[in-house]
Amino acid sequence: MGYYCRICRCSRPNERFSANGRRIHVCKICIKLPKEERRHIEESEEICGFFKQSNISEKNRKRLAVLAASSDAVIARAAKLAIEIATAHPSKRRRMKFLAAQRRDLLAELEETGLIVCLYNY
Ligand SMILES: [Zn+2]
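None of the values given here were measured: they were computed from a predicted structure. Within every chain, residues take consecutive numbers counted from 1 along the sequence as written. Where local features are concerned, this predicted model is filtered to residues with pLDDT of at least 70; where side-chain atom pairs are given and counted, the filter is 80 or more; whole-chain, interface and lining totals use all residues. With hydrogens and water set aside, each side-chain value is computed from the structure's full complement of heavy atoms.

1. Digging into the overall build of the protein chain
Stated formally: Only DSSP runs of H or I covering at least 4 residues are called helices, and only runs of E covering at least 2 are called strands; the numbering of each starts at the N terminus. Throughout, exposure labels follow a simple rule: accessible area from a 1.4 Å probe, protein chains only, divided by the maximum for the residue type, with under 20% read as buried, over 50% as exposed, and the rest as partly exposed. We call two residues in contact when some of their heavy atoms are within 4.5 Å. Methods summary: accessible areas were calculated by the Shrake-Rupley approach with a probe of 1.4 Å, and residue burial reflects only the protein chains presented. Only four residue types enter the charge count, namely Lys and Arg as positive and Asp and Glu as negative; His and the chain termini do not. Just so you know, the charge point we use is NZ for Lys, CZ for Arg, CG for Asp and CD for Glu.
When you go through the protein chain residue by residue, the secondary structure sums to six helices and two strands. Taken from N to C terminus, the helices and strands of the protein chain fall in the order β-β-α-α-α-α-α-α. Projected onto its principal axes, the C-alpha coordinates of the protein chain cover approximately 50 × 30 × 25 Å. Out of the 122 residues belonging to the protein chain, those deemed buried represent 33%. Taking contacts inside the protein chain between residues at least 6 apart in sequence as the whole, the part at least 24 apart equals 39%. When the accessible surface of the protein chain is split by element, carbon and sulfur atoms take 54% of a total near 7700 Å². Each charge class in the protein chain can be summarised by its mean position, and for the 25 positive and 14 negative side chains these summaries are 7 Å apart.

Written out as structure tokens, the structure is:
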């Protein structure tokens, strides 16, 4: 049993983590990634996580608004899309059905950005 790295999503043995890495759950390989790259992965995960929640709250939307202003264009686009979806259908329940029936435009953008995988249940 080792530790889980939240960047590469791998379980790695203890020695693959520095003391600081263990605390933040980032392995020795990923900790060397450029800061922007690491942040990109973390923020992508964060946005994805909002879709997995049973509801996207007002507080979540405020956080998404911050991400929507990111200088990282991919993150900004994903966050804007997440805000639109959160506004149209904040609840996870029946969201897919709703999008398929009424917001094909958002569904198409989810596919285009690859965020669609965040809406699958597994
Ligand atoms: Zn890693």
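2. So, helix α4 (residues 73–88)
Basically, it comes down to this: Multiply 1.5 Å by the residue count of a helix minus one, and that product is the helix's expected span. Here a polar contact means two N or O atoms within 3.5 Å. Within protein one must be a hydrogen donor candidate and the other an acceptor candidate, and residues neighboring in sequence count only if both atoms are side-chain atoms.
For α4, built from 16 residues, the straight-helix expectation of 22 Å at 1.5 Å per residue is met to within 8% by its first-to-last C-alpha distance of 23 Å. Looking at the buried residues of α4, the elements they touch are α2 (35–52), α3 (58–68), α5 (95–102) and α6 (104–113). For α4, the capping residue at the N-terminal end is Asp72, with a side-chain oxygen 3.2 Å from the backbone nitrogen of Val74.

3. Observations regarding the domain arrangement of the protein chain
Test applied: Here the limits of each domain have been adopted from an automatic or database domain assignment. Simply put, the buried area is the total loss of 1.4 Å probe accessible area from both parts when two parts are fitted together. Salt bridges, as used here, are contacts in which a Lys or Arg side-chain nitrogen is within 4 Å of a carboxyl oxygen on Asp or Glu.
Under the domain assignment used here, the protein chain contains domain 1 (1–33) and domain 2 (34–119). With centres defined by C-alpha atoms, the gap from domain 1 to domain 2 works out at 26 Å. Between domain 1 and domain 2, the residue contacts involve nine residues of the former and seven residues of the latter. With both sides pooled, the region where domain 1 packs onto domain 2 buries about 670 Å², and carbon together with sulfur makes up 53% of that total. Interface area lost by domain 1 to domain 2 is led by Arg6, Ile7 and Leu33, which between them contribute 71%. If you look at where domain 1 meets domain 2, you find two salt bridges.

4. Focus: the coordination of the zinc ion
Condition: Note on donors: an N, O or S atom is included if it sits within 2.8 Å of the metal, or within 3.2 Å for Na, K and Ca, and water is never included, so sites can look incomplete. Under the classification used here, a metal with four donors is tetrahedral if each angle lies between 85 and 135 degrees, square planar if opposite donors are over 155 degrees apart and the others between 65 and 115, a six-donor metal meeting that same test is octahedral, and anything else is irregular.
Within the first shell, the zinc ion binds the protein through Cys5 (SG), Cys8 (SG), Cys27 (SG) and Cys30 (SG), at distances of 2.3 Å. Around the zinc ion sit four donor atoms, and with donor-metal-donor angles ranging over 100 to 121° the site reads as tetrahedral. We note that the donor set of the zinc ion lies within a single chain, spaced as C-x2-C-x18-C-x2-C. An identical accessibility class is assigned to Cys27 and Cys30; each is buried.

5. Comments concerning the packing of aromatic side chains
Convention followed: Each Phe, Tyr or Trp ring (for Trp, its six-membered ring) is paired with any other whose centre lies within 6.5 Å, and the angle between the two planes then decides the class: stacked below 30 degrees, edge-to-face above 60, tilted in between.
Inspection of the entire model under this criterion finds one aromatic pair. Judged by centre distance (5.5 Å) and plane angle (55°), the ring pair of Tyr3 and Phe17 falls under tilted. Here Tyr3, found in strand β1 (residues 3–5), pairs with Phe17, found in the loop between β2 (10–12) and α1 (19–24); they are 14 residues apart in sequence, far enough to count as distant.

6. Some words on the side chain of Arg95
Tracing the sequence through the fold places Arg95 in helix α5. For the buried Arg95, no salt bridge exists, and the shortest N-O distance to an oppositely charged side chain is 13 Å, to Glu58.

7. Section: the packing of α2 against α3
Spelled out, the test is: To obtain each axis, a line is fitted to C-alpha atoms, and for helices this fit is confined to the stretch in contact; angles are then taken between N-to-C directions over 0 to 180 degrees. In this scheme, a crossing is called left-handed if the near helix is turned counterclockwise away from the far one by less than a right angle; it is called right-handed if the turn is clockwise. Only Asp, Glu, Lys and Arg are considered charged, only Ala, Val, Leu, Ile, Met, Phe, Trp, Tyr, Cys and Pro nonpolar, and every remaining residue, Gly among them, polar.
Remark: α2 packs on α3, axes separated minimally by 11 Å, with the N-to-C direction vectors making an angle of 150°. You can see that α2 and α3 cross each other, and the crossing is left-handed. Packed against α2, whose contacting residues are Glu43, Glu46, Ile47 and Phe50, the element α3 presents Asn60, Arg63, Leu64 and Leu67 at the interface. Grouping the amino acids of the contact of α2 with α3 by side-chain chemistry returns four nonpolar, one polar and three charged.

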